[in-house]
Amino acid sequence: MDVDAKVTIIHVIGGLIAAYLSFRLTTGTIFGFGGETVALLIAIVILYLCGQVSERLLGKEEVGGFKGWLWSGIVPFLAVWLVVWILLFNYNPVPPVKIL
């Protein structure tokens with residue numbers, strides 16, 4: 001399998017994990033608090049970890065540095081993360097907000 005495909009697979013899996021955690025943080029069902037800012041920070045940390053994992057597993061020279069990592073890693077991660085996060089958030093049965 002091509003190195004670019006392996007980098008993409010690693011980042012897509014990371015995007016799925018980040019989307020689920022972002023969904024849980026946005027709805028406030030994890031750790032008792034929520035927030036979109038925390039969800040964004042978690043996604044950035046997961047993106048960085050995916051990049052480090054791909055460079056360590058496949059070699060820094062094979063990945064192609066930042067340019068190779070950008071097109072094979074960051075773009076698929078962002079696409080999967082945003083789409084899955086939005087889908088999970090929209091299909092979530094949210095109880096009505098109580099106004100005091």
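A short tour of the structure in this document, coming up. (Residues numbered from 1 in each chain as written. Predicted model: local features only at pLDDT ≥ 70, side-chain atom pairs only at ≥ 80, totals over all residues. Heavy atoms only, no water.)

## A short note on the packing of helix α1 (residues 3-27) against helix α2 (residues 36-58)
A pair of packed helices can be characterised by two numbers: the angle between their axes and the separation between those axes.
Link 1 in the chain: Following both chains from N to C, one finds α1 and α2 inclined at 160°, their axes separated by 9 Å at the closest point. The angle between α1 and α2 places the two elements in the roughly antiparallel class. Two packed elements cross with a definite hand, and for α1 against α2 that hand is right-handed. Counted together, Val 3, Lys 6, Val 7, Ile 10, His 11, Gly 14, Ile 17, Ala 18, Leu 21, Ser 22, Leu 25 and Thr 26 of α1 and Glu 36, Val 38, Ala 39, Ile 42, Ala 43, Ile 46, Leu 47, Cys 50, Gly 51, Ser 54, Leu 57 and Leu 58 of α2 form the full contact between these two elements.
Link 2 in the chain: Class assignment for the residues of the contact of α1 with α2 results in 16 nonpolar, 6 polar and 2 charged. (Axes fitted to C-alpha atoms, helices over the stretch in contact; angles between N-to-C directions. Helix = DSSP H or I, 4+ residues; strand = E, 2+ residues; numbered from the N terminus. Parallel < 35°, antiparallel > 145°, perpendicular 65-115°, else oblique. Left-handed = near helix turned anticlockwise from the far one by under 90°. Contact = heavy atoms within 4.5 Å. Nonpolar A, V, L, I, M, F, W, Y, C, P; charged D, E, K, R; others polar.)

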